[in-house]
Amino acid sequence: MSHIKIMDEILANKIAAGEVVERCASVVKELVENSIDAQATEIKIELVESGTKEIKVTDNGIGMSREDATLAFQRHATSKIIDEDDLFHINTLGFRGEALPSIASVSEVTLKTSTGELGTLVEIDGGKIIKVETGDARKGTIMTVRNLFYNTPARLKHMKSLYTELASITDYVNKIALSHPDIKFVLVNNGNVLLNTDGSGNLLKTIRDIYGLDVVKKMIEVKGEDNDYTVNGYITLPEVHRSNRNGMITLVNGRVVRNLDLNRTINDSYHSFKPDNRYPIVVLNIDVDPSLIDVNIHPTKMDIKFSKLEELCSLISNMIQTALKGRTLIPHIEVREPIFTYTDKPRYQEMQLELDRVLNDNPYQNEEAPIVVNEDLTSDENAETLFKEIEEEVTKLEFKEPEKRLPEIYPVGLVHGTYIICQNQEGMYIIDQHAAKERINYEMYMREFGHPSEGSIALLFPITIEFPSNDFILLKEQFAFLRTLHFDIEEFGINSVIVKAHPTWLPKGQEEEAIRRLLEVVVACGNDFSIEKFNEAAATMLSCKMAIKANMNITMEEMEHLINDLRKCKNPFNCPHGRPTIIFYSNYDLEKLFKRSGF
Ligand code: ZN
Ligand code: ZN
């Protein structure tokens, strides 16, 4: 190859680098996926300054011959592999080929590789091979990428802060570790271990290594299948949630994908079990015939198209909802142990907190105190035993009749006209009476909206309400719908309506305000009005309006009544806004708090 031709090629690589290599994370992704393709069972990723100074990936895979090692950095050589075998497209993590030469063109790369017999060392600077010699015979590959974008300053400017770079690498490595529980992943930044999975093939263990034992303790195993899809994985109880979507992970045939429809389906399945602006941790494996999916071939994208998306979404949503509805979901208040100091973990936790801050993911900032979290595990042995217990517990999915999920509990008294203290043999329960009443009302209204009862009540004095003209237009479009709910509503002069009769289920004594608020709900539904959307918003609004306020003393009998009604709810554990209605202190925890037993 002539010198000019090589220069052209380097230029082409640099241009391609703009598309393929966007950030440090794309380099990590490329190198890690090469290691996976090389059948590695251990992959160590070491970063200096979040990868901006150096990214080193060490694997114990099959390694490369001297010829392959030099060819790997040439565009045409690698793209040839792609045409060779169609199966490659489906079975590997995506076909690349352009990426390695592109990375090499904008950095300084050292490749040490060996098939176990003869080792090869290749050094490349800005895309030019400057050294090829015999190296160590240790089987596997070590790829080091230094000073990314050093020769393309414009690109370098695009790199975000060190924390943002690290955050997206961590996010990627977490996901790839989850999709390969059988591979041991170690992620290190500036000498700090951020992730260390055990590679035992146990998905739940990988989840523990990433999110901690406390999250695993609050997970449910889920399974489901239809004619085309098989789905299984783990989902958190609704009390565990985070401020971003990074914990919702879907794998399709072992490959991490990021699909908006699936994420929305997962999150919607938790609706009213948790606050809407918080997201669960969910890891789902989806197995499907490859002919039913269309993998986006762009190497930096992870999206996928499903040919029977609706089926898949309803499968997932049924699976999650069934799992949640079959459980007792009372947040258990665990008493914190004093925090132990030990070496490796706190650094990781510190980093996580730091990352959380950067990513705005500290769930407990500007918010009420956390309910969960019992961070500590003293020794690995304890952790292992505890993990076994948890593993056994997690896989059990007990289905109970709605009325049996909330245990039998008996009120003892009321605090500040707000919290009902209850007891049974297991311990103490505290119910937020407003939240509980809201839930009861909400389910009552949802039933009512589903089958509007006949009849309406005429107002003695019809109400007229004026609206801004754009709101009036929205409202007028829904007159017919409102009439099916037994509102007698008509246009009355410019931008005004008159309501002469209303359905029977409006709160007594607050009819007028309720009518105004309901019409506001119609307007708030906006242009994409749907009955579901209206029902949901109206039921939530009315349920809050109609609930007993905090600071209101109710009698013991009324408390018993409330608990009974709550027991009959489909989801007795959360108010329609997703807040808990009830929390639990076990006898054990109470004893611990009062130092009654030898803790
Ligand atoms: Zn409320
Ligand atoms: Zn609420």
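Look up: the structure comes first, before these words.
Residues numbered from 1 in each chain as written. Chains lettered and ligands numbered in written order. Predicted model: local features only at pLDDT ≥ 70, side-chain atom pairs only at ≥ 80, totals over all residues. Heavy atoms only, no water.

Asks: Sorry, what's going on with the coordination of the zinc ion (ligand 1) here?
Replies: Tetrahedral coordination by four donors places them ideally at 109.5 degrees to one another around the metal; octahedral coordination by six donors ideally gives 90 or 180 degrees. Within the protein, the atoms that donate to the zinc ion (ligand 1) are H434 (NE2), E438 (OE) and C544 (SG), at distances of 1.9 to 2.4 Å. Between the zinc ion (ligand 1) and the zinc ion (ligand 2), both coordinated by E438, there is a metal-metal distance of 4.1 Å. In this pair, E438 is assigned in helix 16 (residues 433-450) and C544 in helix 20 (residues 531-546), connecting sequence segments 106 residues apart. (Donors = N, O, S within 2.8 Å, 3.2 Å for Na, K, Ca; no water. Helix = DSSP H or I, 4+ residues; strand = E, 2+ residues; numbered from the N terminus.)

Asks: Whenever I open this one, the sheet that holds strand 19 (residues 456-466) confuses me. Can you help?
Replies: The strands making up a sheet associate through hydrogen bonds between their backbones, and the pairing can be parallel or antiparallel. Strand order in the open sheet formed by 3 strands is 19-21-20, and the pairing between neighbours is antiparallel. Only two strands of the sheet have a single neighbouring strand rather than two, namely strand 19 and strand 20 (488-491). This sheet shows a mean twist of 15 degrees between the axes of neighbouring strands, independent of strand direction. Alignment of strand 20 against strand 21 (residues 496-503), held across 4 bridges, turns out to be antiparallel. Within strand 21, the position partnered with D488 by the bridge is A501. Each of strand 19, strand 20 and strand 21 touches helix 19 (residues 511-525); the most contacted strand, strand 19, lies at about 55 degrees to it. (Pairing = 2+ DSSP bridges. Axes fitted to C-alpha atoms, helices over the stretch in contact; angles between N-to-C directions. Contact = heavy atoms within 4.5 Å.)

Asks: I tried to follow the sheet that holds strand 17 (residues 419-424) on my own but got confused; where do I start?
Replies: Strand order in the open sheet formed by 4 strands is 16-17-18-22, with antiparallel pairing between adjacent strands. Two strands lie at the open edges of the sheet, namely strand 16 (410-415) and strand 22 (582-586), each paired on one side alone. Strand-to-strand, the axes of this sheet are offset by a mean angle of 25 degrees, without reference to chain direction. Against the sheet, helix 21 (residues 556-567) touches strand 16, strand 17 and strand 18 (427-432), its axis set at about 120 degrees to strand 16.

Asks: Can you walk me through the packing of aromatic side chains in this structure?
Replies: The geometry of an aromatic ring pair is captured by the separation of the ring centres together with the interplanar angle, meaning the angle of the planes. The tally for this structure, following the rule as stated, stands at 9 aromatic pairs. Judged by centre distance (5.1 Å) and plane angle (80 degrees), the rings of F481 and F534 are edge-to-face. Of this pair, F481 sits in helix 18 (residues 479-484) while F534 sits in helix 20, and the two are 53 residues apart along the sequence. Residue F481 is classed as buried on the basis of its relative accessible area, which comes to 10%. Joined through ring pairs, the aromatic side chains of Y445, F449, F481, W505, F529 and F534 make up one cluster. (Phe/Tyr/Trp six-rings, centres within 6.5 Å; stacked < 30°, edge-to-face > 60°. Buried < 20%, exposed > 50% of the residue type's maximum accessible area, 1.4 Å probe, protein only.)

Asks: For this particular structure, what's the right way to read the pattern of salt bridges?
Replies: Close approach of charged atoms lets side chains of opposite charge pair. The final tally for this structure, using the stated rule, is 20 salt bridges. A salt bridge links E491 to K476, with the nearest nitrogen and oxygen atoms 3.1 Å apart. Placement of the pair is E491 in strand 20 and K476 in helix 17 (residues 469-477), with a sequence separation of 15 residues. We classify K476 as partly exposed; its relative accessible area is 40%. Among the salt bridges present, the one from K533 reaches D528, with a minimum N-O distance of 3.1 Å. Taken together, the shared-partner salt bridges in this structure form one network comprising E513, R517 and K545. (Salt bridge = Lys/Arg side-chain N within 4 Å of Asp/Glu carboxyl O.)

Asks: What am I meant to see in the packing of helix 19 against helix 20 here?
Replies: Any two packed helices are characterised by the angle at which their axes cross and by the distance between the axes. Where helix 19 meets helix 20, the axes come as close as 10 Å, and the angle between the chain directions of the two elements is 145 degrees. By crossing handedness, the relation of helix 19 to helix 20 is classed as right-handed. For the pair helix 19 and helix 20, contact is made by E513, A514, R517, L518, V521, V522 and C525 and by K533, F534, A537, A538, M541, L542 and K545, respectively. When grouped by side-chain class, the residues that make up the contact of helix 19 with helix 20 number 10 nonpolar, no polar and 4 charged. (Left-handed = near helix turned anticlockwise from the far one by under 90°. Nonpolar A, V, L, I, M, F, W, Y, C, P; charged D, E, K, R; others polar.)

Read these as layout, nothing more, since geometry by itself doesn't imply function.
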